[in-house]
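Letter by letter, the chains look like this.
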Amino acid sequence: MTVPRLLAATTLAASLVLVPVSADAAVGYRPGSAGAGDPYFPKMGNGGYDVGHYGIRLEYAPAAKHLTGSVTITATALQNLSRFNLDLRGLTVQSVRVDGKAAKWKRSGFQELTVIPAKGLPLGKKFTVAIRYSGRPGKIADEPLGSSGWITTSDGAVALNQPFGAATWFPVNDTPKDKATYTFAITVPKKLTALANGEFVSRKVKGAKAVHRWRMRQPMSSELSMVAIGDYEVLRTRSGGLQSVTAFDSSLATSKKQLKNYDKKTRAVLKWQSKLFGPYPFTSTGGIVDELNVGYSLETQGRPVHDWNTPGQNPPDDLVVHELAHQWFGDSVTPAKWRDIWLNEGFATYTEWMWLERNGGRTAEQSFLTAHSAGAGADVWKGVLGNPGRDHIFDNLVYQRGAMTVHALRKELGDDVFFRLLRAWLGSYRGKTVSTKQFHAFAEKFSGKQLDGLFKKWVYTAGRPEL
Ligand SMILES: [Zn+2]
């Protein structure tokens, strides 16, 4: 989130000479790029600016499945910008304003919304772009990555955005690289509840509707943003300075005690993880449990979502532990590129192994040996952990081999160095984005050990490593 003023100004001087003369080019203004440079998802995200904040106002009518949105984005130009792109899939744009003035826009491809301000935006300028839009948002059914985006439920909808659902319900710079703070104001029929990331701010009834306000004050990648609308049983608690919001679809909650148990579990897991990983990186927690038929839980920032369909029962511990571990690995410290997703999933899966051991189950070593005993032809050995390929970011390769790699590193370094390394890594990159290369270099510098062999064997080479 820093603006490279000096560097970019030098680039600009050069482009003054090279660029042919036109209204924009004469003063060195050029369009921001239409992608953020991720090789797996080239159209996701955009270039030329950095978002600082999303102010998201939504009104949702569940019966009509209709969404009306008004989003104000505060951003900083990273170059002299003649125009720039946002990502938005479907929906109809009604108006776009830049710094309060009407701007032109055009739509192209499956998710490019190009904004053309009346006047170019100079490098370093902080500006706002306000977009009004509406329509029936849809989900993305991607094979093999599964369903994401605006998922409708029997009584509302839940937005799950990993890896690319965010653009189905708001205009966004949809790359994990561009973290921002968020506020949400969500209007729904007053018998329903609207939830989002972060802290609950207020609920105000207006006639037959109610406006629910939430805010996420720590930087968040768009893939981790979340909205949930429905008939929820909600338990809000505050302890140790941490707000916790537990929400179960009313058809899944058979008693208040059930929500209390979930809240207790969340707090117990976070207490244990804080000892291992350092201070919890956010100011609120909790969980949302609803029947979504997507077949996964997701580490939405500050408040995971679980797809669940058993009334009276809570999601199992391993799911709760996994998604809460992601609050450190993935949410606070986030891979800038999708190929590095093992930095999330390897550690979250390994945390499940540690939880099992802590509670008298299999030791982490036993989990490791069991995973490693998969036959040479097993899926887990196919592909390269540090670059699994677009269609394989949610494969066993990433989760199981990822966890095995974490265990191999732990054994190489010893417990004392390993756990201090985790806390140092998470502390140094809190709220930032990272790569495998950075982790490799950080681990070597921190431990004073040469780890090229270990990373080559586990992270950069396919096939079953010999023990
Ligand atoms: Zn995960």
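Keep in mind that this is a model prediction, so the values were computed, not measured. (Residues numbered from 1 in each chain as written. Predicted model: local features only at pLDDT ≥ 70, side-chain atom pairs only at ≥ 80, totals over all residues. Heavy atoms only, no water.)

### Quick word on the coordination of the zinc ion
The expected angle between donors at a tetrahedral four-coordinate metal is 109.5 degrees. At an octahedral six-coordinate metal it is 90 or 180 degrees. The following threshold applies: The donor set comprises N, O and S atoms within 2.8 Å of the metal, extended to 3.2 Å for Na, K and Ca; water molecules are omitted, so apparent gaps in a site may simply reflect that omission. Each helix corresponds to a stretch of at least 4 residues labelled H or I by DSSP, and each strand to a stretch of at least 2 residues labelled E; elements are numbered beginning at the N terminus. Under the scheme applied here, a residue whose accessible area is under 20% of the maximum for its type counts as buried, over 50% as exposed, and between as partly exposed, the area being computed with a 1.4 Å probe on protein chains only.
Bound to the zinc ion are the protein donor atoms His322 (NE2), His326 (NE2) and Glu345 (OE), situated 2.0 to 2.1 Å from the metal. Donor residues for the zinc ion, ordered by position in the chain, follow H-x3-H-x18-E. Linking His326 in the loop between α3 (317-325) and β22 (334-335) with Glu345 in helix α4 (residues 342-358), this pair joins segments that are 19 residues apart in sequence. Residue class for Glu345 comes out buried when judged on its relative accessible area of 1%.

### Let's talk about the environment of Gln450
Note the threshold: The definition of a polar contact used here is a pair of N or O atoms within 3.5 Å, where within protein one atom must be able to donate a hydrogen and the other to accept one, and adjacent residues in sequence count solely through side-chain atom pairs.
Relative to the helices and strands, Gln450 is located in the loop between α8 (436-447) and α9 (452-458). Residue classification places Gln450 among the exposed residues on the basis of a relative accessible area of 56%. Distance from Gln450 to His440, taken between C-alpha atoms, is 9.6 Å for residues 10 residues apart in sequence. Of the polar contacts made by the side chain of Gln450, one reaches the backbone nitrogen of Asp452; its length is 2.9 Å.

### Concerning the sheet that holds strand β6 (residues 104-108)
Definition in use: A pair of strands counts as paired when DSSP detects no fewer than two bridges linking them. Axes here refer to lines fitted to C-alpha atoms; in helices the fit is confined to the stretch in contact. Angles between the N-to-C directions go from 0 to 180 degrees.
Here 3 strands make up an open sheet; going across it, the order is β3-β7-β6 and the pairing antiparallel. Among the strands making up the open sheet, the edge pair consists of β3 (84-87) and β6. The average angle at which neighbouring strand axes cross in this sheet is 25°, direction not considered. In the sheet, β6 pairs with strand β7 (residues 112-116) via 5 bridges, with the strands oriented antiparallel. By the bridge assignment, Lys106 is partnered in β7 with Thr114.

### Considerations on the UniProt feature "domain: Aminopeptidase N-like N-terminal" (unreviewed entry) in the protein
Threshold: UniProt positions are given in the numbering used here, feature names are shortened, and annotations may be inferred rather than shown by experiment.
Taken from the UniProt record, the annotation "domain: Aminopeptidase N-like N-terminal" (unreviewed entry) applies to residues 53-222. Between the C-alpha atoms that bound residues 53-222 the distance is 11 Å, and the span itself is 0% helix and 61% strand.

### Quick notes on the pattern of salt bridges
A side chain with one charge can pair with a side chain of the opposite charge if their charged atoms come near. Definition in use: Whenever a carboxyl oxygen of Asp or Glu lies within 4 Å of a side-chain nitrogen of Lys or Arg, that contact is scored as a salt bridge.
Scanning all chains against the criterion turns up 13 salt bridges. When the shortest N-O distance is used, the salt bridge between Asp317 and Lys265 registers 3.0 Å. Taken together, the positions of Asp317 in helix α3 and Lys265 in helix α2 (residues 256-277) put the pair 52 residues apart, joining distant regions of the chain. Note on Asp317: relative accessible area 28%, which makes it partly exposed. Linking Arg410 and Asp415 is a salt bridge whose minimum nitrogen-to-oxygen distance equals 2.8 Å.

### With respect to a positive patch on the surface
Test applied: Exposure above 30% relative accessible area and the lack of any salt bridge qualify a residue for a patch; like charges then connect within 9 Å, and the nonpolar side chains Val, Leu, Ile, Met, Phe, Trp and Tyr within 5 Å. Shrake-Rupley sampling with a 1.4 Å probe provides the accessible areas, and residues are treated as covered by the protein chains on show and by no other component. The charged-residue count follows a simple rule in which Lys and Arg add positive charge and Asp and Glu add negative charge, with His and chain termini not counted at all. Charge positions are represented by NZ for Lys, CZ for Arg, CG for Asp and CD for Glu.
Residues Lys256, Lys257, Lys260 and Lys264 make up a contiguous surface patch of positive charge. Relative to the helices and strands, Lys257 resides in helix α2.

### Examining α8
Test applied: One fewer than the residue count of a helix, multiplied by 1.5 Å, yields its expected span. Residue contacts follow a heavy-atom distance rule, with two residues in contact if any of their heavy atoms lie within 4.5 Å.
Helix length check: α8, at 12 residues, gives a terminal C-alpha distance of 16 Å against a target of 16 Å (1.5 Å per residue), a fit within 8%. Taken as a whole, α8 has its buried residues at Thr436, Phe439, His440, Phe442, Ala443 and Glu444. Against α4, α6 (396-413), α7 (415-428) and α9 lie the buried residues of α8. Gly448 sits one or two positions beyond α8 and adopts a positive phi of about 70°.

### A word on unusual backbone geometry
With an omega of 5°, the peptide bond running from Glu143 to Pro144 counts as cis. Checked against the element boundaries, Pro144 lands in the loop between β9 (139-142) and β10 (146-152). In this model, Gln162 is joined to Pro163 through a cis peptide bond whose omega is 0°. Positioned with a positive phi, Lys65 is a non-glycine residue whose angle comes to about 55°. Mapped onto the elements of the fold, Lys65 is located in the loop between β1 (49-61) and β2 (66-77). With relative accessibility at 32%, the residue Lys65 sits in the partly exposed group. Look at Asn293: it is not a glycine, yet its phi comes out positive at around 60°. Note that Asn293 resides in the loop between β19 (284-290) and β20 (297-298). Under the relative-accessibility criterion, Asn293 is labelled exposed at 61%.

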